[in-house]
Structure formats: structure tokens, C-alpha cells
Amino acid sequence: MSTHVAATVAEVPTAPVEVQLPIEGMTCASCVNRIERYLNRTPGVETATVNLATEMATIRYLPEIAGRSELVGAIEEAGYDVRPERTAGEGDAAVGLAALADPDAIARAREAAGLRLRAVVSIVVALTILAVMLWPQTAISTDDLNRLAILPATFIQWWAGGRFYRAAWRAARHGATNMDTLVAIGTSAAWGYSVAATVWPGFFRGAGLDTATYFDSAAIVIGLVLLGRWLEARAKGQATGAIRRLVGLQATSAWLVLPGGDEEVPLERVQPGDLLRVRAGDRIPVDGKIVEGTSAVDESMLTGEAIPATKGPADEVIGATRNTTGSFVMRATRVGHDTALARIVELVQRAQGSKAPIQRLADRISEVFVPLVLLAGLVTFVAWLLVGPEPRLTRALTTAIATVIVACPCAMGLATPTAIMVGTGRGAEAGILIKGGEALEIAHRIDTVIFDKTGTLTMGRPEVVGVVTAAGRDATELLDLAASAERGSEHPLGTAILARAHLDELGFRPVSAFVAVAGHGVEATVDGHVVVAGNARLLGDRGIALPANDPAHADAALADAIETASAEARTTVLVAVDGVLAGVIVIADPVRPTSAEAVRLLTAAGIEAWLVTGDAPAVAASVGRAVGIPPERVIASALPADKATRIDELQARGRRVAMVGDGINDAPALAASDLGIAIGSGADIAIEAASVTLVGGDPRAVASAIDLSRQSMRIVRQNLFWAFGYNVVLIPVAMGALIPFFGVGLNPALAAAAMASSSVSVVLNALRLRGVRLAGESRGGGAPKPVPGQALGRA
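Some words on the nonpolar core
In this structure, Met26, Ile35, Leu39, Ile59 and Val406 are the most contacted members of the largest nonpolar core, which totals 90 residues. When sequence neighbours within four positions are dropped, the list of residues in contact with valine 406 reads Tyr726, Asn727, Leu730, Ile731, Ala734, Leu746, Ala751, Ala754 and Met755. Ranked by size, the runner-up nonpolar core spans 47 residues in total, among them Leu611, Val634, Val692 and Val772.

Structure (C-alpha cells):
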């Protein structure tokens, strides 16, 4: 029997896992398409996407069928290499997080330095050769000038241009072509013709061929292409700046609380459960909970909220946020790769490595683009050689070289991923975590947003919204007495009363004879007064007269407060002092101060806002009025399945629907929507059902996320238009289409400069997203804290 059980367990398939592999040798979109094709046909691989901008392959596969060696083998079979893994030391939290943000930073920096050196040397050598060639031939013959140029030109061809040969040969061995193929063929043609003309000048003259050389052209093309790649690498590095800035905020040490006193220790020594002291002005070292002390914590680096949040015992604090005032002791709960910051970095990194659907068109075109360019170069050479004017060979050679050099598909490959990279990074800075390029692309089409109520448009916790007293009673004294009586209660309503009272330093009077009546309220003797706080049944059982029972003698203010609260589905806590009803404390889940602005921003953007909630109709209607959602778009008493059904109905009418909820009980609706947006906290950012998570809970960020998507897709379309338009215009010019009419052609050096500038331009255009102002991003507000005395008195 045990054998049967073991066999059954072994047959249970494991869940697919995801891995990211850094790839070397990619130069254009055709490389991307080829690697994806080889990976996706590997047994066990479910999906594989390759990002040219980040040079990463994101692979989802079944580990019982395929392993890392099979994945690496598929990439190598496609003609490319995988960078070796570099792992941080055990428990090295700081280094681990930095590596997570950019695991190949050192390799990238070294490669960029090499590109810059080779580019500069190549351009200097090319300009020197050009100057030598312009030397008066009365002093030195043309043949001697060529002999002077052949050595430095050959050095550049193989030292600086060797990377093109290696990449082209690797692709050729696997039956493929890429941008390196174009550069290698173009520069080899110019250099090879020049070498032949230099070594056998007599043969060339005897055959009626021109002995002019193109050493300078070959060298300048190599230099400009490398310069373009260096500029591109720098720009791509800037695109990941948002993540590096987040990582740079992390503390490097922590103050460990020990029996003998506090000790400063490196961050990697901190373990879950350790007690840490955080002083005023310090960065909070790791995630944890406050156990002693109160302070205001600046969480703007995670949430975008400018106003520091008040934190006290039992409140969560997030690593890398800043403690502004006061000192507190916290217990570490998550360290290293488990912290909220590390999870955000990983999530954004995965998003930056993803692919938007719009990119697939460019990838498909690029797959056949390079072979077509090579064919166009061959046709150009033959055509000018057969029917062109003298010198035919020179014209045929220069136009063919210009054609293969200018037609670079790099811009097409970089057009979308760079915008996705910068856009998701910009979102992370604003507290908007986007899981991938697909979500970023979908968001710009959203025309309907459905909000949940609790925790989304409202604060999600009970708060005191009013204190109404009977005639002759003082509101401050009433709150003081009620809060003191509630000190022994664990009920959420009692907690809300205590929290409000503590803002005014109330609720600390001496208490005796405390009794909690489950489900009804509390009674206690507070500073010599008998206080009963609870619902009408509790007070009725204690023989206390209520407005409903004696309307003729009821206090008008109390009667109105109770009636109004009932109509708005708010909770009332009746407070009696010494056997007489003294006041009413009104408690509700208050609407977020920014919810109405969030709805207004969406409406201004042409997007319908709906409220679909499980609460009672009166509550839903009240919240709908408060935030500006029309009654016909307010749906109450909706179960989680009902929310999903409502989304289906709207989608059937052709609407593109986003659902905004808390990511837990709204999971069915988040999954059913075109775009799931989860309202999260700094510590709860990995909500699987949602495509977008708003860290901090500000509903205005919904409009910000959609605006970010619209601006990102605008950049993508501009980039793709430029990338395709560049080739459509310049390839015919390079082939010599204008020469018969205007005598204008394209020099190979200019072709190289144009090709390099096309790639750099799309990256620079994408970088404009770093500075965009998003709708609803004026984070000066947030939830205002009640001031002493606020919400007290006769409402």
C-alpha cells in the first residue's frame, strides 16, 4: 500500500515556476523573436518572453520536465549566451536587495566602458585616416597614403569590430541573421575592397577600377555604431533609475536592542524577531511592528503620500521609510528579500522585463527584416554595377554598404520595452505597482471603473465622526468618560472611541466595577460616575429613558442625531451618565478625503465610475452621494459573485472595465475585470488577483495609473512610428533612389550615424516618462488627522 501511495504522490505534477535569465549578444528585435521561438518550443516551457531593453528572458516552465540546463541550452542553440549567475552571501540582505534591483550592474558598467573606449578610438582613427587621405598627393602618392591607413584601419576592423563578427558568426552557425550581420557585412565590404585596392593597385588600374579606399568609412561606421550602443546603454541605465533610487534608500545598519544596551549592527545581521530601536531621522531598517513609542513616519518613497503617517504600538512600519520625529522600538518581522521594498523591486523588475502585446508586431516584422535588407543590399549593388554611371563599382559598393548599415531594426526592438521599463519605474515612484506590459497597455483603454466601498472609497475602519450631547452637557467630558469606560473593551467600536479620545489626551480617568456586556456595550464606574455606553437595548435594560421610548420628553438634538445616523446607516453608541442619557457618539467608516477627487478625475478623463458594494442600500447611497457617483451607478447588497456578474454585463455592452478593491473578498471581480486594481498597504503589495496594486490606498492613484498608461502608450506609438518611418524613408535613400533626380545619396558614415541616432532617439523619447505629471498625483493631501476638539459638540 505504501508503494501505491508513493507512486501516486510522485505522479502529482508540480506547479510551474518562473525564472529570469540575463542574455548576452542580443542586438535587435530579430534576436528577441528568435530566442523566444527556441524557448517556447522547449519541452516543459509554458511561456517565454524576452526583453531587449533589459536583456532578460522571463520563462515560465514545469520543473519536472525542464530544468535550467535545458533553458540555457535552448538559448545557446538560438545563438546567444546566458550570463553566469552571481549570488550574494548567505543572509546578506543589503547586497541581496541591490543585486535584485540590478543583478548585472557591474557587467553592464564594464560593457558600457568597453563600448565607449572602442567607439572613441574608432572615431579618432577614422578622422585621422580621413585627414591623411586629404593630404596633398604632390607630397605623398595615393598608394602610399593607402599603405599608411591599412594598419590602423585593420586594427579597428578586428579590435573594435570584432564583436560584430563574433555575434554575426554565432547567428550564422544557427542559420540566423541579425543587426551584427548587417554591420559585419557592410564594414567588411568597405574594408575588404580597400585592402585589395591597397595591396594590388596595379591590378585595379589595369581592370579600369578605382583605387580609392574606404578605410575611413569602415572605421567611422564601426565607431558610430558602437557610440550609439554606448549612448543606448546609458539611456537604458537611466530607465532603471527609479528602482536604484528605491534601493538606495535602504538603511545599511540597525540599532539592536540588547539587555546590556543598544548595539549598532550591519543590516545583514538582523533576524526576524529582533528588537530594533529607531531614532528620529533614521531610516527604518526592515519591516516590523512597533512595540514601544509613537512617531510620525514618512512613507512617501512607497506610497507617494507627502504627509507622514502617525505610528504607535502594534502599527506596522516598512523598511527604508524614514522616521521623522520621536523614537520607538520595533520588532523585525521581515528582512532581506522578504521585505516590502524587496518585493516591490522584484515586482517592478518583472514588469520591466515583460512584453506588451503591441510589441509583437515589431518582433514579427524584425524576424524577416534582416534577410530582406541583405537582399535589398545585394539588389542595390547589382543594379548600380550593371546600369549605374561611372565609377560603377564605387557607386554600387557605397550604396550597398549604406543600405545594409542604415536598415537597423534596433529601434523597432527598443520602441516598446524602453517605454514599458520607464513607465513601470515611474509608476513605482508614485506608489503604482504594475505587474507587466500587458497591464500597462490595457489600462489606457479602460472606460469604466468599478469601486468597492470598504477600504477603497472609505477608510475601512470605524472612526468617531460626531459626538452629540444633551443640553447642558460638555462634549469633551462625555468623550472622556465614555473612552475611560471603554478602556477594558476589545470591541472595534470601543477601540474607535478610545482612538478619538486619545487625540485629545482623554480617556484616562480611574475606572472600577467594569463590566462588558457581549454584543451590547460596557458599563463601569468612572471617576465616581456610573457610565453605561452601548446600544439601546443595554440602556433600556438599565432603565434609562431613550428618545424612542419617550419622544415627548426627549432631547431634540439627541433624537435628531439618532434619526440621522439611522438613515445614513451609521452606528450610534448611546452614553448614559448616572442613569441619564447624556449623549450619542456617532461612528462610521468615513469616506476617504480623496475619494471625491478620484471620481472627479476619472469623470474628467471620460471614464464612468461605479460603486458596487455588499453594504446596505442606505450606506451605499450615502457614500455614492459623498463621492459624486450618480445613484443609477450605485449597486448595494452585492455579494462577491454579484460584482463579477455586474462586470460581465458591462463587458457585454462593450465596456472596458477596471475593478478596484482590496484584493481579498474582491478577488472574483478583480479576476473577471479587464484590469484588476488592488488597494494595498506598504506591507501588502503582492496581491495575486490584481494586475495593478496601489500602495498606500489613495483612490486618486486609479486615475494616475490610467493616465500613466495613456502617456506610456502615446510614447510607444511615437517610438514605433519613428522606428518604422525611419526605415521606410532612409532605406530607399540609401539605395540611391534620389541620385537620378537630385544627385543626392547617403554616405555610409551618415548611414551609421542615422542608424545609431534612431536607436538612441526612441530610448530618449521613452525617458520623457520619468518627468511626467500624472493626474491625481498632487499628494499633498491624504487623510487629514482630526485636530483636538474636532467632531465634538452639538452636531
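And the narrative resumes.
Some details on the sheet that holds strand S12 (residues 322-325)
Across the sheet, which stays open at both edges, the three strands sit in the order S10-S9-S12 with antiparallel pairing between neighbours. Each edge of the sheet is formed by a strand with only one pairing partner; in this case those strands are strand S10 (309-311) and S12. Across the sheet, the mean angle separating the axes of adjacent strands is 45° when strand polarity is ignored. Where strand S9 (residues 295-298) meets S12, three bridges bridge the pair, whose relative direction is antiparallel. Along S12, the bridge assignment pairs valine 297 with asparagine 323.

Quick notes on the packing of helix H19 (residues 475-486) against helix H20 (residues 492-503)
Packing of H19 against H20 brings their axes to within 9 Å, and their N-to-C directions diverge by 130°. With respect to their mutual orientation, H19 and H20 come out oblique. Note on packing geometry: the crossing formed by H19 with H20 is left-handed. Of the residues in H20, those touching H19 at Leu479, Ala482, Ala483 and Glu486 are Gly494, Ile497, Leu498, Arg500 and Ala501. Of the residues assigned to the contact of H19 with H20, the class counts are six nonpolar, one polar and two charged.

Section: the side chain of serine 295
In this fold, serine 295 is placed in strand S9. In terms of polar contacts, serine 295 uses its side chain to reach the side chain of asparagine 323, at 2.3 Å.

Some thoughts on a nonpolar patch on the surface
Among the surface-exposed residues, Val368, Leu372, Leu375, Leu378, Val379, Val382, Leu385, Leu386 and Val387 lie close enough to one another that they form a single nonpolar patch of about 830 Å² accessible area. Mapping leucine 375 onto the fold places it in helix H14 (residues 359-387).

Parameters and conventions
- Each chain has its residues counted from 1, running along the sequence as written.
- In keeping with the predicted nature of the model, local features appear solely for residues at pLDDT of at least 70, side-chain atom pairs appear and are counted solely at 80 or more, and the whole-chain, interface and lining totals rest on all residues.
- Computation of side-chain values: all heavy atoms of the structure, hydrogens and water removed.
- Residues belong to one nonpolar core when they are buried, are Ala, Val, Leu, Ile, Met, Phe, Trp, Tyr or Cys, and are joined through side-chain atoms within 4.5 Å.
- The buried label applies to any residue whose accessible area, calculated with a 1.4 Å probe on protein chains only, is under 20% of its type's maximum; exposed applies above 50%, and partly exposed to all values in between.
- Whether two residues are in contact is decided by their heavy atoms, any of which lying within 4.5 Å being enough.
- Strand pairing requires that DSSP identify at least two bridges connecting the strands.
- Secondary structure elements follow DSSP: runs of H or I of four or more residues count as helices, runs of E of two or more count as strands, with numbering from the N terminus.
- All axes are obtained by fitting lines to C-alpha atoms, using only the stretch in contact for helices, and the reported angles, taken between N-to-C directions, cover 0 to 180 degrees.
- Roughly parallel means an angle under 35 degrees; roughly antiparallel means over 145; roughly perpendicular covers 65 to 115; every other angle is labelled oblique.
- Crossing handedness: left-handed means the near helix sits turned counterclockwise from the far one by under a right angle, and right-handed means the same turn made clockwise.
- Put simply, Ala, Val, Leu, Ile, Met, Phe, Trp, Tyr, Cys and Pro go in the nonpolar bin, Asp, Glu, Lys and Arg in the charged bin, and everything else, Gly too, in the polar bin.
- Polar contact is the term for a pair of N or O atoms within 3.5 Å; when the atoms are in protein, one must be able to donate a hydrogen and the other to accept it, and sequence-neighboring residues count only if both atoms are side-chain atoms.
- Each patch is built from residues lacking any salt bridge and having more than 30% relative accessible area; the joining distance is 9 Å for like charges and 5 Å for nonpolar side chains (Val, Leu, Ile, Met, Phe, Trp, Tyr).
- With residues, only the protein chains shown are counted as cover, and all accessible areas are computed by Shrake-Rupley using a 1.4 Å probe.
- Salt bridges, as used here, are contacts in which a Lys or Arg side-chain nitrogen is within 4 Å of a carboxyl oxygen on Asp or Glu.

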